[in-house]
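Observations on the three-dimensional arrangement
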Amino acid sequence: MSHKLGLQVHLDGARLMNATVALQCSPREMTQFCDSISMCFSKGLGAPAGAIVAGDKDFIDRARRMRKALGGGMRQVGILAAAAFVAMENYETKIAADHTNARRIAEAVQALRSPFVYADYPETNFVMLKLCGVPANEVLDQLNTVTPSEEEHHGRGIIVRGFSWANGTQIRLVTHCNISDEDTTWAIKKIAWVAHHLTQRKPASSKMAAV
């Protein structure tokens with residue numbers, strides 16, 4: 001439709017590779033109707049920095065000229081390019097592992113049957129913890145705090161970092177290449193510990209209990 005109207009389509013592909021792995025298709029197939037795309041090598045792929053813009057020759061020529069006019073040129077960028085090449089090695093396997101770990105967390109949260117926290121089945125590496133009767137900041141504080149009793153129970157301190165989402169009604173957790181299977185197991189234990197102590201402190205909500 002956009003092309004019929006003389007409009008061009010740009011894809012912000014920050015998480016392009018996560019999408020292609022989840023949908024089991026190639027990047028070429030995913031972007032076949034786009035005139036230009038951008039892709040990040042740090043999000044999902046794990047490079048320390050770096051992104052690319054792709055399009056036809058005329059588009060790239062204009063992009064290079066605009067980048068130079070705006071002072072965006074860089075020197076000695078080979079080290080960033082090298083990191084991007086490493087990030088792309090076997091990316092399907094690495095990203096699939098991230099998605100699996102995200103599903104493990106979501107399934108473990110569902111199995112808790114907590115009246116305060118629930119998780120939908122994630123398609124990629126984002127786990128959205130849905131909260132009821134407790135604000136995200138309170139849960140995040142507990143996920144980021146190690147108490148003596150918890151450390152004694154687990155034999156170690158565990159911290160899970162997340163982000164408040166949807167006006168404090170959800171928490172977003174992200175699995176990535178630096179989160180191992182073992183890390184995921186410990187994260188699940190931490191979430192279960194926090195959910196258990198929320199249940200002890202607060203009255204159950206019938207709204208979430210009915211989910």
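The sections below set out a description of the structure shown in this document.

Analysis parameters
- Chains are numbered independently. Their residues run from 1 in the order of the written sequence.
- The model is predicted, so local features are restricted to residues of pLDDT at least 70 and side-chain atom pairs to those at 80 or more, both for listing and for counting; the totals for chains, interfaces and linings are taken over all residues.
- Excluding hydrogens and water, the side-chain figures rest on all heavy atoms present in the structure.
- Secondary structure elements are defined from DSSP: runs of H or I of at least 4 residues count as helices, runs of E of at least 2 residues count as strands, and each element is numbered from the N terminus.
- The globule rule is 2.2 Å times the number of residues to the power 0.38, and the radius of gyration it is compared with is taken over C-alpha atoms.
- Under the scheme applied here, a residue whose accessible area is under 20% of the maximum for its type counts as buried, over 50% as exposed, and between as partly exposed, the area being computed with a 1.4 Å probe on protein chains only.
- Contact between two residues is taken to exist if any of their heavy atoms lie within 4.5 Å; hydrogens are not considered.
- Values of accessible area rely on a 1.4 Å probe in the Shrake-Rupley scheme; residue burial ignores everything except the protein chains shown.
- Here the expected span of a helix is defined as 1.5 Å times the quantity of residues minus one.
- By nonpolar core we mean a set of buried residues, namely Ala, Val, Leu, Ile, Met, Phe, Trp, Tyr and Cys, connected to one another through side-chain atoms within 4.5 Å.
- Patches in this entry comprise residues that are over 30% relatively accessible and not in a salt bridge; like charges within 9 Å are linked, as are nonpolar side chains (Val, Leu, Ile, Met, Phe, Trp, Tyr) within 5 Å.
- We count a salt bridge whenever a side-chain nitrogen from Lys or Arg sits within 4 Å of a carboxyl oxygen from Asp or Glu.
- We define a polar contact as two N or O atoms separated by no more than 3.5 Å, with the added condition that, inside protein, one atom must be a possible hydrogen donor and the other a possible acceptor, whereas residues neighbouring each other in sequence contribute only through side-chain atom pairs.
- Strand pairing is assigned whenever DSSP detects at least two bridges linking the two strands.
- To obtain each axis, a line is fitted to C-alpha atoms, and for helices this fit is confined to the stretch in contact; angles are then taken between N-to-C directions over 0 to 180 degrees.
- To count as a disulfide, a pair of cysteine sulfur atoms needs to be within 2.5 Å.

Here's the deal with the overall build of the protein chain
Tallying secondary structure elements over the protein chain gives nine helices and seven strands in all. Against the compact-globule benchmark of 17 Å for 211 residues, the protein chain has a radius of gyration of 21 Å, which places it well outside the compact range. For the C-alpha atoms alone, the extent of the protein chain along its principal axes is close to 65 × 40 × 35 Å. Within the span of the protein chain, comprising 211 residues, buried residues form 35% of the whole. Partitioning the intrachain contacts of the protein chain with sequence separation of at least 6 by distance along the chain shows that 62% fall at a separation of at least 24. Counting every atom, the protein chain has about 13,300 Å² of accessible surface; 55% of that belongs to carbon and sulfur.

A word on helix α8 (residues 181-201)
It helps to recall that an α-helix has 3.6 residues per turn; residues three or four apart then point in one direction. Counted at 1.5 Å a residue, the expected span for α8 with its 21 residues is 30 Å, and the 31 Å between its end C-alpha atoms agrees. Among all positions of α8, only Thr-184, Trp-186, Ala-187, Lys-190, Ile-191, Trp-193, Val-194, Ala-195 and Leu-198 are buried. In this structure, the buried side of α8 is in contact with α5 (91-112), β4 (117-119), α6 (136-143), α7 (148-154) and β7 (170-174).

Brief notes about the nonpolar core
One finds Val-127, Leu-129, Val-139, Ile-171 and Leu-173 to be the most contacted residues of the largest nonpolar core, which totals 25 residues. With six residues, the single largest contributor to this core is α8. Excluding residues within four positions of it along the chain, Val-139 makes contact with Leu-131, Val-134, Ile-171, Val-194 and Leu-198. One finds Met-17, Ile-37, Ala-84 and Ala-87 within the second-largest nonpolar core, a separate group that totals 12 residues.

Structural notes on a nonpolar patch on the surface
A surface patch of nonpolar side chains, amounting to about 380 Å² of accessible area, comprises Met-1, Leu-5 and Leu-7. Relative to the helices and strands, Leu-7 resides in the segment before β1 (10-13).

Here we look at the environment of Gln-32
Summarising the element assignment, Gln-32 is placed in the loop between α2 (27-30) and β2 (36-40). There is a polar contact of 3.1 Å between the side chain of Gln-32 and the backbone oxygen of Glu-29.

Focus: the sheet that holds β7
Strand pairing in a sheet takes place through backbone hydrogen bonds and is either antiparallel or parallel in direction. Here four strands make up an open sheet; going across it, the order is β4-β5-β7-β6 and the pairing antiparallel. Strand pairing shows two members of the sheet lacking a second neighbour, β4 and β6 (163-165), which therefore form its edges. Strand-to-strand twist of the sheet, defined as the mean angle between neighbouring strand axes without regard to direction, takes the value 30°. By the bridge criterion, five bridges tie strand β5 (residues 126-131) to β7 in an arrangement that is antiparallel. Along β7, the bridge assignment pairs Lys-130 with Gln-170. With respect to the sheet, α5 is in contact with β4, β5 and β7, its orientation differing from that of β4 by roughly 140°.

Quick notes on the pattern of salt bridges
Any two side chains of opposite charge can pair, on the condition that their charged atoms come close. The final tally for this structure, using the stated rule, is three salt bridges. Taking the shortest distance from any N to any O, the salt bridge between Lys-190 and Glu-150 comes out at 2.8 Å. Here the residue Lys-190 occupies a position in helix α8, and Glu-150 occupies one in helix α7, the gap between them amounting to 40 residues.

Some remarks on the state of the cysteines
Summed over all chains, the structure comprises zero disulfides. There is no disulfide at Cys-25, and the cysteine sulfur nearest it, in Cys-34, is 11 Å away.

Here we look at the sheet that holds strand β3 (residues 51-55)
Strands sit in the order β1-β2-β3 across an open sheet of three strands; the sheet is mixed. Both edges of this open sheet fall to β1 and β3, since each of them pairs with a single strand only. Here the strands of the sheet are splayed against their neighbours by 10° on average, with no regard to which way each runs. Looking at chain direction, β2 and β3 are connected through five bridges and run antiparallel. Considered in β3, the bridge of Ser-38 is made with Val-53.

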